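# Structural features, examined
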Amino acid sequence: MNRIDKHNYYLDICETVLERGTCLRRNFAAIIVKNDEIMATGYTGAPRGRKNCSDIGHCKREELNVPRGTRYEICRSVHAEQNAIISARRHDMIGSTLYLVGKEYNTGELVKNASPCTLCKRFIINAGIENVIIRDTNTFYREVEVKEWIENDDSLTDDISY
């Protein structure tokens, strides 16, 4: 019997969580795991009580043809990583792993070169999360050690993601 490895197990759960996303551009899901226990989940969507893009039927960034990784201030959504982090206690996140999966809304394909945006990287660092595992294909993923972001802090101001 071939069992799925732990990283793909959690990434598969992430793919289910992202089905709750409400973005009309691309949806992401994040799961924070510590000691083989899910501490929190999050997906892309408007703040509680506000209408989602899927409710109003349009995406402002898409309408304005805003390039990926720019002009987040006009987006209605809170990122998946942020939603997961605000749903967990910091004590539970210290030393944890965050799993991240993104899919394009129009095609359902995995987001190519997915990575947390610079603001989400700051949240992840402050939360005490140790590793980020990002799905690249249905069975392959890449792992990032958060300490790399801390050691190379220029990368927290100039990268394009989401």
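This text goes with the structure placed above it.
The structure displayed is predicted, hence computed values, not measured ones. (Residues numbered from 1 in each chain as written. Predicted model: local features only at pLDDT ≥ 70, side-chain atom pairs only at ≥ 80, totals over all residues. Heavy atoms only, no water.)

## A few points about the layout of surface pockets
Threshold: With a 1 Å grid laid over protein atoms only, a set of points is called a cavity when a 1.4 Å probe fits there but cannot get out and a pocket when it is open yet has protein on both sides within 12 Å along at least five of seven lines; lining residues have an atom within 4 Å of a point. Grid points are joined across faces, edges and corners, and a volume is the space filled by probe spheres set on the points. Only DSSP runs of H or I with at least four residues qualify as helices, and only runs of E with at least two residues qualify as strands; both kinds are numbered from the N terminus onward. Charged means Asp, Glu, Lys or Arg here, nonpolar means Ala, Val, Leu, Ile, Met, Phe, Trp, Tyr, Cys or Pro, and polar covers whatever is left, Gly included.
The calculated volume of the largest pocket comes to roughly 290 Å³. Along the walls of the largest pocket sit 14 residues, with Tyr43, Gly45, Ala46, Arg48 and Asn83 positioned nearest its centre. A per-element tally of the lining of the largest pocket places strand S2 (residues 37-43) first, with 3 residues. Residue composition of the lining of the largest pocket, by class: 5 nonpolar, 7 polar and 2 charged.

## Regarding the nonpolar core
What counts, and what does not: Residues belong to one nonpolar core when they are buried, are Ala, Val, Leu, Ile, Met, Phe, Trp, Tyr or Cys, and are joined through side-chain atoms within 4.5 Å. Only protein chains enter the accessibility calculation, which uses a 1.4 Å probe; a residue is then buried when its area is under 20% of its type maximum, exposed when over 50%, and partly exposed in between. Any two residues whose heavy atoms approach within 4.5 Å are treated as being in contact.
One finds Ile32, Ile85, Met93, Leu98, Ile124, Ile129 and Val132 to be the most contacted residues of the largest nonpolar core, which totals 21 residues. Among the secondary structure elements, those contributing two or more residues to this core are strand S1 (26-34), helix H4 (80-86), strand S3 (97-104), helix H6 (118-127), strand S4 (131-135) and helix H7 (146-151). Leucine 98 has contacts with Ala30, Ile31, Ile32, Glu81, Ile124, Ile129, Asn131, Val132 and Ile133, leaving out every residue within four places of it along the chain.

## Side note on the packing of aromatic side chains
Any aromatic ring pair is given by two values, namely how distant the centres are and how the planes are angled relative to each other. Spelled out, the test is: Aromatic pairing here means that ring centres of Phe, Tyr or Trp (its six-membered ring) are within 6.5 Å. Orientation follows from the plane angle: under 30 degrees is stacked, over 60 is edge-to-face, and everything else is tilted.
For the coordinates displayed, the defined rule picks out 2 aromatic pairs. An angle of 40° between the planes, with centres 5.2 Å apart, marks the rings of tyrosine 10 and tyrosine 99 as tilted. Placement of the pair is tyrosine 10 in helix H1 (residues 6-17) and tyrosine 99 in strand S3, with a sequence separation of 89 residues. This pair shows no difference in class: tyrosine 10 is buried, exactly as tyrosine 99 is. Joined through ring pairs, the aromatic side chains of Tyr9, Tyr10 and Tyr99 make up one cluster.

## Some points on H6
Note on helix geometry: an α-helix contains 3.6 residues per turn, so any two residues three or four positions apart are oriented the same way. Buried within H6 we find Thr118, Cys120, Lys121, Ile124 and Ala127. A positive backbone phi angle near 90° is found at glycine 128, which sits one or two residues after H6.

## Examining unusual backbone geometry
Phi is positive for arginine 71, close to 55°, though the residue is something other than glycine. Here arginine 71 lies in the loop between helix H3 (60-63) and H4. For arginine 71, a relative accessible area of 44% corresponds to the partly exposed category. Of note in the backbone geometry, asparagine 113 takes a positive phi value of approximately 55° without being a glycine. Within the secondary structure, asparagine 113 sits in the loop between S3 and H6.

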